[in-house]
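Fold and contact review
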Amino acid sequence: EVTINYRHGLPVITLTLPTRSERCQFTIKPMVTTVEAFLQDVQREDKGVERAEVFATDGCKVCGATSMEVLLRNDFTLVINNIAYCVSPPVKDKLSSEHATEMEDIKSLVHRLYVALHLEDHQVRKERELLRKLDNLKEELLPFEQMKARIAVNANAKTTRLLWIGLALMSTQGGALAWLTWWVYSWDIMEPVTYFITYGSAMAFYAYFILTKQDYIYSDARDRQFLHYFYRKCKKQHFNVERYNKLKEDIAEAEELLRCLRQTLQLKLPVQKIEDKD
């Protein structure tokens, strides 16, 4: 027979050891002890115990990680070797509301003490992990940044050259129209020519809007041409734009996490200690 009694607020399980035929008592700490730990104590006490399991009243096996506090709330079956014991835990007197409130206050105090003793180490460890991650990401990003800088310089030079060529062409066109107007022909002849040139320019700007879905604004057109040269050069030099963008996003995310960690948790540590990486 397996009996359960409460002594000094703790449950005491008394059972007969199969090999020695002796009654043995096991004092349980319900909030700390698990079913697996209790069964291991039984097996350590009697080496002849080859099988020790606990089953609920519906025949389902109780998980070893279940706390004894949960197990002792209902009836259960304890199986030692091939012998099954039906166990009915006694009903424990309910705590008064005042006592229950005191217990909750004690639990809250223990939790705060645990956090106070261990949070600082966790903060420093998390800080170092983020700093190491940032170092690794920036080290991987450095070759991409160097290649991107060279490609950007090349693309910017080509874009600037194209702008100057456009200015030269417009100046040439203006000079040619002036020469034809005052030295070769008269304004009466050149007026229709300039009209159709202006109309042709309007058609070209309208075609630009249809193709790009953007107005022809000089700054936007320059940026568009720069990106055209940039991506074409990236393709030639096998610059992985997707990987570069992913690294930039990861660095921004890590820096944001680091900023939130420092602001929210408010580490009370010297800056040199935080930035001292392994």
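Keep in mind the model is a prediction, meaning the values are calculated, not measured. (Residues numbered from 1 in each chain as written. Predicted model: local features only at pLDDT ≥ 70, side-chain atom pairs only at ≥ 80, totals over all residues. Heavy atoms only, no water.)

**Some points on the UniProt feature "transmembrane region" (unreviewed entry) in the protein chain**
Taking the UniProt record as the reference, the feature "transmembrane region" (unreviewed entry) is found at residues 162-181 and 193-211. End C-alpha to end C-alpha, residues 162-181 measures 28 Å, and it is 100% helix and 0% strand. Its end C-alpha atoms 27 Å apart, residues 193-211 is made of 100% helix and 0% strand. (UniProt positions renumbered as here; feature names shortened; annotations may be inferred. Helix = DSSP H or I, 4+ residues; strand = E, 2+ residues; numbered from the N terminus.)

**Some words on the confidence of the model for the protein chain**
Overall, the predicted model of the protein chain reaches an average pLDDT of 80, with 83% of residues at or above 70. Every residue in residues 267-278 scores below 50 in pLDDT, and together they form 19 contacts with partners more than four places removed in sequence or on other chains. (pLDDT = per-residue confidence, 0-100. Contact = heavy atoms within 4.5 Å.)

**Side note on the side chain of Thr77**
Within the fold, Thr77 resides in strand E5 (residues 76-80). Dropping the residues within four chain positions of it, Thr77 is found in contact with Glu53, Val54, Phe55, Ala84, Tyr85 and Cys86.

**Remarks on the nonpolar core**
Where a protein is soluble and globular, its nonpolar side chains tend to be buried together. Ile13, Leu15, Phe38, Val54, Phe76 and Leu78 are the most contacted members of the largest nonpolar core, which has 24 residues in total. For this core, the secondary-structure elements that each account for two or more residues are strand E2 (10-16), strand E3 (23-27), helix H1 (35-45), strand E4 (52-56), helix H2 (68-71), E5 and strand E6 (83-87). A per-element tally of this core places H1 first, with four residues. (Core = buried A, V, L, I, M, F, W, Y, C linked by side-chain atoms within 4.5 Å. Buried < 20%, exposed > 50% of the residue type's maximum accessible area, 1.4 Å probe, protein only.)

**Some details on a nonpolar patch on the surface**
Judged by side-chain polarity, Trp179, Trp182, Trp183, Val184, Tyr185 and Ile189 come together as a nonpolar surface patch covering roughly 780 Å² of accessible area. At four residues, helix H3 (residues 97-184) tops the list of elements feeding residues into the nonpolar patch. Relative to the helices and strands, Val184 resides in helix H3. (Patch = residues over 30% accessible without salt bridge, like charges linked within 9 Å, V, L, I, M, F, W, Y side chains within 5 Å. Areas by Shrake-Rupley, 256 points an atom, 1.4 Å probe, with all protein chains shown as cover. Salt bridge = Lys/Arg side-chain N within 4 Å of Asp/Glu carboxyl O.)

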